[in-house]
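Structural features, examined
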Amino acid sequence: MTALRARLGGRIGALPLEFELEVARGTLAVVGPNGAGKTSLLLMLLGALQPANGRIELGDRVLFDSDAGIDVPLEDRRLGYVPQEYALFPHLSVQDNIRFALRSSGVAGPELEARAREALAELKLERFAERRVTALSGGEQQRVALARALSVRPQALLLDEPLAAFDIAARRETRAFLAEYLQRLDLPTLVVTHDAGDAQALGQQIAVLEAGRIVQCGTWQELDARPASRFVREFLRGAA
Amino acid sequence: MTRGSDTGPGRRAAPSARAARRRQRVEHSVLAGAGLLLLAFMAAPLLGLFATASFRDFVAGLQHPLVWPALRLSLITTSASLAVVVALGTPLAWVLARAQRATRLVETVLELPIVIPPAVAGIALLLAFGRRSLLGALYPPGWSLSFTTSAVVLAQVFVSAPFFVQAALSAFRRIDPHLLLVARSFGAHPLRVFARVGLPLAAPGLLAGALLSWARALGEFGATLMFAGNLEGKTQTLPLAIYTAMEADLRAAQSLSIVLVVLALLLLVGVRALLRSLDGGEVR
């Protein structure tokens, strides 16, 4: 089983960042107030933002090590990234979004078509294959984004606010689908969210980020039993 | 409306409402009047150009010996300069749009040709690429870049490139950076991200920029005159031919002008329609 391990230090503007985390099996939900550094953490893991120091490991691959001068470029990290609002290519159809991903990862020919079909089937998107992504609902777009990210067989998954685009009614249903799907997927997954309900439903582990630091990490029950700060206590209450 | 309240304006609402409406109407007409004045002034020369020529005059003017060589030269040189501007300006704008540092300085340098007078641009080109420039020392004896058809193209590139680069830059900057990050996360390398994500998403902006730039090149006069001269069939583009014709035959100058305006208008309308169809393709 590959695990994503990171110990990172850096600075975003005036905010010093310092954190250590491990995602082995299942999903780690990273929560925290606005400006706590959640998205910066995600971008550092992804390779879009360079930490000042630290080390990132994915299974037995070292993605970043400031001491050894290792910094694997974003293109070669093999991390599945699903940003907020999904960033589907608006000029391409659903299947062309997936084909683009596969071709970018070096897959070609009959294998490309087979894997594109497989990715569509996996998320039950076959009947949307020819549609433009801009014509899909939020839930459908999310499935396309997942199918596209997973089609290239990443070794870990990074999701940024995957449910922020939904209103309360649609959110519950999409959240249930996503929770169930991620559990079945069995891939180290990191989900950034500001929503307690999302964190509770999606994360087997929850890491609370405050002012650039992880103040507490554990299961929902552990956090609930012994909240480490006022923010944690209030955040947990927000899930009800 | 606020009759129930006891504030000052509320109590006087009924009589002042009528006055306020009248005042609003007056203010609207003042603004509209000022706008109409400019519109009328802008329309007058165009009307003059078309209204004072009969069709027969127009056809006779077209038979003037300066017309066809100039039209041909203008189409050839502006096609060449547009090709250079788009081929080199697109990558430049892409790199600039994604650069973190020094972009303000580079952008300022790129915008300079928009604000400096074309005659100054002509002198500057002469000093940079003319026979007596630093580069000129390397030219074979008796040859110079200046006063050739290539010089016409260079002058057009110099004055028109900023229009394209600015439009391309803002088109590239409008692309959601997450799209580029996601593409890279699949393993897409820079050229692929540029060609398959950047170019198609910026296409309408690039097209609009190309149109602006082409129009500027087509109308180029001052820099061409200084750097390339006014040699018939070699450097005499439509605007220079109009200038030359006017000294002897206003009718020919007018015909040439009409050709130029119609050409520009056709292109403007064509590109607008193309842009609309591109927009329509996006279901938003």
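Residues numbered from 1 in each chain as written. Chains lettered and ligands numbered in written order. Predicted model: local features only at pLDDT ≥ 70, side-chain atom pairs only at ≥ 80, totals over all residues.

1. Remarks on the overall build of chain B
Within chain B, the secondary structure is distributed over 12 helices and zero strands. Helices and strands in chain B line up, N terminus first, as α-α-α-α-α-α-α-α-α-α-α-α. In terms of overall dimensions, chain B is more spread out than a globule: its C-alpha atoms have a radius of gyration of 26 Å, far above the 19 Å expected for 284 residues. Dimensions of chain B along its principal axes, counting C-alpha atoms only, are 90 × 65 × 35 Å. Burial statistics for chain B: of 284 residues in total, 32% are counted as buried. For chain B, the share of sequence-separated contacts (at least 6 apart) that also reach a separation of at least 24 residues comes to 78%. (Helix = DSSP H or I, 4+ residues; strand = E, 2+ residues; numbered from the N terminus. Rg over C-alpha atoms; globule rule 2.2 N^0.38 Å. Buried ≥ 20, exposed ≤ 12 C-beta atoms within 10 Å, placed from the backbone. Contact = placed C-beta atoms within 7 Å.)

2. Concerning the interface of chain A and chain B
Residue-level contacts link 21 residues of chain A with 20 residues of chain B. Contributions of two or more residues to the side of chain A that touches chain B are made by strand S7 (79–82) and helix H2 (94–104) of chain A.

3. What about the packing of H2 of chain A against helix H3 (residues 109–122) of chain A?
Residues and elements named next belong to chain A. At their nearest, the axes of H2 and H3 sit 10 Å apart, and the two run at 130 degrees to each other. Comparing their axes, H3 and H2 come out oblique. Here H2 runs over H3; the crossing is right-handed. Contacts between H2 and H3 involve Gln95, Ile98, Arg99, Leu102 and Arg103 from the first element and Leu112, Arg115, Ala116, Ala119 and Leu120 from the second. Partitioning the contact of H2 with H3 into residue classes produces six nonpolar, one polar and three charged. (Axes fitted to C-alpha atoms, helices over the stretch in contact; angles between N-to-C directions. Parallel < 35°, antiparallel > 145°, perpendicular 65-115°, else oblique. Left-handed = near helix turned anticlockwise from the far one by under 90°. Nonpolar A, V, L, I, M, F, W, Y, C, P; charged D, E, K, R; others polar.)

4. Here we look at the packing of helix H6 (residues 118–129) of chain B against helix H7 (residues 149–173) of chain B
When two helices pack together, their arrangement is captured by the angle between the axes and the distance separating the axes. Residues and elements named next belong to chain B. The geometry of H6 relative to H7 is characterised by a closest axis approach of 11 Å and an angle of 125 degrees between their N-to-C directions. With respect to H7, the element H6 is oriented oblique. As H6 packs across H7, the resulting crossing turns out to be right-handed. Along the contact surface, H6 presents Pro118, Ala121, Gly122, Leu125 and Phe129, while H7 presents Leu154, Ala155, Phe158 and Val159.

5. Considerations on the confidence of the model for chain B
Residues and elements named next belong to chain B. Here chain B shows a mean pLDDT of 88. Residues at 70 or above account for 93%. Taken together, the stretch residues 1–6 has pLDDT below 50 and engages in eight contacts with residues farther than four places along the chain or on a different chain. The ipTM, which scores confidence in the relative placement of chains, is 0.92 for this predicted complex, and the corresponding pTM is 0.85. (pLDDT = per-residue confidence, 0-100.)

6. Observations regarding the nonpolar core
Within the largest apolar cluster, 130 residues are counted, with the highest numbers of intra-cluster contacts made by Val30, Leu45 and Leu158 of chain A together with Ala155 and Ala168 of chain B. Looking at this core, the element that brings in the most residues is H7 of chain B, giving 17 residues. Excluding residues within four positions of it along the chain, Leu45 of chain A makes contact with Ala6, Ile56, Leu79, Leu158 and Leu190 of chain A. (Core = buried A, V, L, I, M, F, W, Y, C linked by C-beta atoms within 7 Å.)

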